[in-house]
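Chain by chain, the residues run as shown.
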Amino acid sequence: MRYGSWPLSNIRMANALKFKEYDFHFRFGKGTHNSGQGAAEFPEEMIWLWRDYDPAKTEQNFEMQPSEKSLPSFRVTITNR
(Lines give C-alpha, C1' and ligand atoms only; values in the text may rest on other atoms or scores of the structure.)
Protein backbone atom coordinates (compact mmCIF):
# COMPACT_ATOMS: atom_id res chain seq x y z
CA MET A 1 0.00 0.00 0.00
CA ARG A 2 1.35 3.32 -1.00
CA TYR A 3 -0.01 5.41 1.89
CA GLY A 4 -0.53 2.80 4.59
CA SER A 5 -3.79 1.33 5.79
CA TRP A 6 -6.66 3.81 6.18
CA PRO A 7 -8.85 1.27 8.05
CA LEU A 8 -6.03 0.49 10.49
CA SER A 9 -5.34 4.20 10.98
CA ASN A 10 -9.02 4.82 11.73
CA ILE A 11 -9.05 1.98 14.27
CA ARG A 12 -5.93 3.37 15.93
CA MET A 13 -7.52 6.83 16.13
CA ALA A 14 -10.69 5.36 17.66
CA ASN A 15 -8.59 3.50 20.21
CA ALA A 16 -6.75 6.71 21.13
CA LEU A 17 -10.01 8.66 21.48
CA LYS A 18 -11.49 5.86 23.58
CA PHE A 19 -8.43 5.77 25.84
CA LYS A 20 -8.73 9.53 26.51
CA GLU A 21 -12.53 9.19 27.01
CA TYR A 22 -13.44 11.57 24.20
CA ASP A 23 -17.00 11.71 22.89
CA PHE A 24 -16.76 10.12 19.43
CA HIS A 25 -18.64 7.95 16.97
CA PHE A 26 -16.82 5.22 15.03
CA ARG A 27 -18.27 2.89 12.43
CA PHE A 28 -17.03 1.19 9.31
CA GLY A 29 -19.37 1.42 6.34
CA LYS A 30 -20.21 -1.60 4.25
CA GLY A 31 -19.33 0.06 0.97
CA THR A 32 -16.14 1.40 -0.51
CA HIS A 33 -14.73 4.91 -0.06
CA ASN A 34 -17.01 6.76 -2.49
CA SER A 35 -19.75 9.40 -2.58
CA GLY A 36 -22.52 6.77 -2.47
CA GLN A 37 -21.22 5.38 0.81
CA GLY A 38 -20.76 8.87 2.21
CA ALA A 39 -24.32 9.83 1.24
CA ALA A 40 -25.65 6.69 2.92
CA GLU A 41 -23.83 7.47 6.19
CA PHE A 42 -24.33 11.25 6.19
CA PRO A 43 -27.84 11.53 7.72
CA GLU A 44 -27.02 9.34 10.72
CA GLU A 45 -23.68 11.11 11.22
CA MET A 46 -25.37 14.53 11.31
CA ILE A 47 -28.02 13.30 13.76
CA TRP A 48 -25.27 12.05 16.07
CA LEU A 49 -23.16 15.20 15.68
CA TRP A 50 -26.01 17.62 16.45
CA ARG A 51 -27.86 15.35 18.93
CA ASP A 52 -27.81 17.78 21.85
CA TYR A 53 -27.46 21.14 20.14
CA ASP A 54 -28.86 24.07 22.08
CA PRO A 55 -28.32 27.57 20.64
CA ALA A 56 -28.77 29.07 24.11
CA LYS A 57 -25.60 27.38 25.37
CA THR A 58 -22.32 29.23 25.14
CA GLU A 59 -20.18 26.25 26.17
CA GLN A 60 -20.56 22.53 26.58
CA ASN A 61 -18.67 19.69 28.22
CA PHE A 62 -18.52 16.51 26.22
CA GLU A 63 -18.50 13.14 27.91
CA MET A 64 -18.24 9.71 26.40
CA GLN A 65 -21.59 7.97 26.04
CA PRO A 66 -22.13 5.19 28.60
CA SER A 67 -22.67 2.65 25.80
CA GLU A 68 -19.23 3.44 24.40
CA LYS A 69 -17.58 3.64 27.81
CA SER A 70 -18.66 0.06 28.59
CA LEU A 71 -16.93 -1.33 25.47
CA PRO A 72 -13.36 -2.66 25.65
CA SER A 73 -10.60 -0.07 25.36
CA PHE A 74 -9.19 -1.59 22.19
CA ARG A 75 -11.39 -2.87 19.38
CA VAL A 76 -8.55 -4.51 17.51
CA THR A 77 -5.07 -5.38 18.63
CA ILE A 78 -2.17 -5.62 16.24
CA THR A 79 0.61 -8.04 17.05
CA ASN A 80 3.71 -8.94 15.09
CA ARG A 81 4.23 -12.54 14.21
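Higher on the page you've got the structure.
Since this is a predicted model, take the numbers as computed values, not measurements.

*Asks:* An account of the packing of aromatic side chains is requested, with residue identities and associated values reported.
*Replies:* Under the defined criterion, the tally for this structure stands at one aromatic pair. A centroid spacing of 5.3 Å and a plane angle of 80 degrees characterise the contact between Trp 50 and Tyr 53, whose relative ring orientation is edge-to-face. The residues Trp 50 and Tyr 53 share a single accessibility class, namely exposed. Between Arg 51 and the ring centre of Trp 48, over which it is positioned, the NZ or CZ distance is 4.2 Å.

*Asks:* Let's hear about helix 1 (residues 6-19): which residues, and what values?
*Replies:* Over its 14 residues, helix 1 extends 20 Å from the first C-alpha to the last, a length consistent with the 20 Å expected when each residue adds 1.5 Å. Turning to helix 1, its buried residues are Ile 11, Ala 14, Asn 15 and Lys 18. In an axial view of helix 1, the angular spread of the buried residues amounts to 100 degrees, which keeps them on one side of the axis. Across helix 1 from its buried face, at more than 90 degrees, point the exposed residues Trp 6, Arg 12 and Met 13. Contact partners of the buried residues in helix 1: helix 3 (66-69). One side-chain oxygen at the N-terminal end of helix 1 lies 3.1 Å from the backbone nitrogen of Leu 8; it belongs to Ser 5. Taken from the residues just after helix 1, Glu 21 is the one with a positive phi, measuring 60 degrees.

*Asks:* How would you summarise the side chain of Glu 41 if you had to cite specific residues and measurements?
*Replies:* Topologically, Glu 41 is positioned in helix 2 (residues 35-49). Note on Glu 41: relative accessible area 13%, which makes it buried. Setting aside residues no more than four positions away along its own chain, Glu 41 makes contact with Arg 27 and Gly 29.

*Asks:* Got a sec to walk through the side chain of Asp 23? Specific residues and values, please.
*Replies:* Assignment of secondary structure puts Asp 23 in the loop between helix 1 and helix 2. Its relative accessible area of 17% is what places Asp 23 among the buried residues. A distance of 2.3 Å separates polar atoms of two side chains, one belonging to Asp 23 and the other to Arg 51. Ignoring any residue separated from it by four or fewer positions in sequence, one finds Asp 23 in contact with Trp 48, Arg 51, Phe 62, Glu 63, Met 64 and Gln 65.

Conventions and cut-offs
- Residues numbered from 1 in each chain as written.
- Predicted model: local features only at pLDDT ≥ 70, side-chain atom pairs only at ≥ 80, totals over all residues.
- Heavy atoms only, no water.
- Phe/Tyr/Trp six-rings, centres within 6.5 Å; stacked < 30°, edge-to-face > 60°.
- Buried < 20%, exposed > 50% of the residue type's maximum accessible area, 1.4 Å probe, protein only.
- Lys NZ or Arg CZ within 6 Å of the ring centre and 35° of its normal.
- Helix = DSSP H or I, 4+ residues; strand = E, 2+ residues; numbered from the N terminus.
- Expected span 1.5 Å × (residues − 1).
- Arc of directions from axis to C-beta.
- Contact = heavy atoms within 4.5 Å.
- Polar contact = N/O pair within 3.5 Å; in protein donor to acceptor, adjacent residues only side chain to side chain.

Worth remembering: the numbers are spatial, not functional.
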